[in-house]
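# Chain and residue survey
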Amino acid sequence: MIKALFRKQFAELISQFTRRSGLRGRRTGGASLGVFLLLFAVVFAALGASFFVFFKEILAVFDEGNYEIYYLIVGLIATAVGLLGGVFNAYSSIYEAKDNEMLLSLPIPPARILFVRIAALSVMTLLYEAAVLLPAFVAFCAYARVSAAGKASAFFFVIPLTLLVVALTVGIAFVVAAIARRVKNKKAITLVASLLMVGLFYFLYFRAQNAAMALVELGSVPAGLRYGLFFYYQMGRASTGAAEGMAITCLTAILAFALAYFLLSKYFLRFVMQKRSAAAKGKVGVVKAGSRRLALFKREWKLFTSSPNYILNCSFGVVLSLALGVVAITQAGRLQEVRDMILPYLPHFGGSGLGAVVVMLTCVANDVTAPSISMEGNRLWVVRSLPVPTEEIFCAKIGLHLTVSLPFALFATVATSVIFGAGDVAGAILAPFAVIAFNLFTATFGLCMNVLRPVLDWRDEAMAVKTGFSVFVSIFGVMLFATVLTGLYFAFALIFPDWVYLTILIVVLTAAAYGMLRWLRTGGVRRFERLG
């Protein structure tokens, strides 16, 4: 029975790239899976190369006596990356999966259903962690002077670390489910609780990371920190060949995973089978007439705000943009020092262009349009049956993306332009327009991808907003594009002032967005009307 559950779970994952394209009677072959694997390999290699350079630089300051600090830092970074990859969809994939009640009606022990769900979550967590652990291991083997036992331990760190991160992830899901069970507005409490839990973790993480980086200069681990970062310190000891360090690391991870699994299996049925709240009473009042486009936008806004998964997974760039703007204001002195360090190497450096491309990098995490059609799911017939042109439906989805992404992106752009681009008036004026053009480009690109490859038969919302082909291509494709734009900025700054680069960028992005909008009004409309 458990083999059948595993086949079902992972078939659903693979089917995101080989399933029906959304058109009646048409199925895609393995080409989409090949494109996904190629793009994944490119992104993984790019991230791995950047982490490799980072870990190589860190190793240069260590010797045989303090290598445990290296894997303490690696473990903290891998934990943060793995948690970011799994925490936002753990609750929905475990507690809100549409097939939970169907599976529970079969003669299948709930513990087995839960085990398969967690196994799938573990695979996704492992993929995220590997982008950190693999380059860290390669750098460690190439530049660290440790025994073969230490290198072997470093290779197998992936197992206990994955167990620990999954335990943290499902632990957060358990807390969110326990809170949501006792309140009426479950959607709102799920969103707030998830944000608070993740915010608390990253606050503690950055505090711990700052402490770990301070150890690089200190050269040893104080006794108090050995207990505060017990698991990661034992990882570091194991990397030097200490057998007891590896044993303690594995035992700690197994106990944490077993505790999390025990709590989930004990309360899984209680949380899943709880009674649904009664339907809300209708409101009494005057019904105001509104424009057709405003009504479509309100519909998109309601769909977006009613789904915590949609908000958490598709608008994380809003948080990054806000954080960037706050940092630019509160750390203005340090950023101006960075600007002064760059000036001797880039004679035409104005700063406004750099501020704009950094804001664009934060906007990459906003992919509201990429799953916007997929989120309709089996309710797609509702929007298709509305007596409105399809182009206006597309405009509402693009408008939602811009409404979510632009306010804090423009705030960050103004803040960074003032700090970086002191005296660069032309660049400071053009920078907000460049950010607007970039967001319009990402919105139209994401919608085009979702029109081409929607996921309409998802089991839970996390499948629509995280694992769909259109979402993956939109996020990582735009990420690569934004990285290229950043590199081109520094190349242009050697010859041209910032306003030249920003002008060219605005023209190119606007032209690309216009071309995609033209396709949406023609081929996109025809394809959308054939979905079903």
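Residues numbered from 1 in each chain as written. Predicted model: local features only at pLDDT ≥ 70, side-chain atom pairs only at ≥ 80, totals over all residues. Heavy atoms only, no water.

### Quick notes on the overall build of the protein chain
We apply this condition: Runs of E in the DSSP output that reach at least two residues are strands. Runs of H or I that reach at least four are helices, and both are numbered from the N terminus. When a residue's accessible area, from a 1.4 Å probe over protein chains only, is under 20% of the maximum for its type it is buried; when over 50% it is exposed; and in between it is partly exposed. Contacts are assigned to residue pairs that have any heavy atoms within 4.5 Å of one another. Values of accessible area rely on a 1.4 Å probe in the Shrake-Rupley scheme; residue burial ignores everything except the protein chains shown.
Scanning the protein chain from terminus to terminus reveals 22 helices and zero strands. When the 532 residues of the protein chain are sorted by exposure, 50% land in the buried category. Across the protein chain, every contact between residues at least 6 apart in sequence was considered, and the portion connecting residues at least 24 apart equals 85%. When the accessible surface of the protein chain is split by element, carbon and sulfur atoms take 70% of a total near 24,700 Å².

### Some points on the environment of N439
Here N439 is to be found in helix α19 (residues 425-452). Owing to a relative accessible area of 0%, N439 belongs among the buried residues under this scheme. Expressed as a C-alpha distance, the spacing of N439 and C363, which sit 76 residues apart in the sequence, is 7.3 Å. What N439 contacts, discounting residues up to four positions off in sequence, is C363, H401, L402, S405, L406 and A409.

### Quick look at the pattern of salt bridges
For the record, the criterion: When a carboxyl oxygen of Asp or Glu lies within 4 Å of a side-chain nitrogen of Lys or Arg, that pair is called a salt bridge.
With the rule as written, the count across this model stands at seven salt bridges. For R293, the salt bridge goes to E392, with nearest N and O atoms at 3.7 Å. Taken together, the residues span a long stretch of sequence, with R293 in helix α12 (residues 292-305) and E392 in helix α18 (residues 390-420) at a distance of 99 residues. Across the pair E300 and R299 runs a salt bridge, and its minimum N-O distance is 3.6 Å. Using a relative accessible area of 3% as the deciding quantity, one classes E300 as buried.

### Some words on helix α10 (residues 230-239)
In terms of burial, α10 is largely enclosed, as eight of its ten residues are buried. Residues F231, Y232, Y233, Q234, M235, G236, A238 and S239 constitute the buried set of α10. Positive backbone phi, approximately 100°, marks G241, located one or two places after α10.

### Observations concerning the packing of aromatic side chains
Worth spelling out the cut-off: Only rings of Phe, Tyr and Trp enter the pairing, Trp through its six-membered ring, and a pair is recorded when the two centres are within 6.5 Å. The plane angle decides the type: under 30 degrees is stacked, over 60 is edge-to-face, the rest tilted.
Tallying each qualifying case throughout the model produces 22 aromatic pairs. Look at Y70 and Y71: their rings are 5.2 Å apart centre to centre, the planes differ by 90°, and that puts the pair in the edge-to-face class. For Y70, a relative accessible area of 0% puts it in the buried group. Judged by relative accessible area, Y71 falls into the buried class, the value being 1%. Taking 5.5 Å as the distance between ring centres and 80° as the angle between the ring planes, the aromatic pair formed by F394 and F528 counts as edge-to-face. One end of the pair, F394, is in helix α18; the other, F528, is in helix α22 (residues 498-529), and 134 residues separate them in sequence. Of the two residues, F394 and F528, both sit in the buried class.

### Considerations on the nonpolar core
To keep things clear, this is the line we draw: Only buried residues count toward a nonpolar core. Its members are Ala, Val, Leu, Ile, Met, Phe, Trp, Tyr and Cys residues joined through side-chain atoms within 4.5 Å.
Membership of the largest hydrophobic core comes to 58 residues, with the highest contact counts inside it found for I373, F394, F438 and F528. Considering every element that reaches this core, the biggest residue donor is α19, with twelve residues. Every residue in contact with F438, bar those within four places of it in the chain, is listed here: M360, C363, V364, V478, F481, A482, L485 and L509. Counting residues in hydrophobic clusters, the runner-up holds 35 residues, among them L59, A78, F157 and M246.

### Some details on the side chain of H401
Residue position: H401 is located in helix α18. Under the relative-accessibility criterion, H401 is labelled buried at 0%. Ignoring sequence-local partners within four residues, the contact set of H401 consists of N366, D367, V368, T369, N439, T442 and A443.

### Quick notes on the confidence of the model for the protein chain
We apply this condition: The pLDDT score gives, residue by residue, the confidence of the prediction method on a 0 to 100 scale.
Averaged over the protein chain, the pLDDT score is 78; the fraction of residues at 70 or greater is 76%. pLDDT under 50 marks residues 275-284. Its contacts with residues more than four places away, or in other chains, come to one contact.

### So, a nonpolar patch on the surface
Worth spelling out the cut-off: Distance thresholds for patches are 9 Å for like charges and 5 Å for nonpolar side chains (Val, Leu, Ile, Met, Phe, Trp, Tyr), applied to residues having over 30% relative accessible area and no salt bridge.
A cluster of nonpolar side chains, L322, V326, I329, F408 and F411, forms an exposed patch at the surface whose accessible area comes to about 400 Å². Going through the elements one at a time, α14 (316-330) and α18 are the ones with two or more residues in the nonpolar patch. If you tally residues by element for the nonpolar patch, the top one is α14, at three residues. When you line up the elements, L322 lands in helix α14. Residue classification places L322 among the partly exposed residues on the basis of a relative accessible area of 36%.

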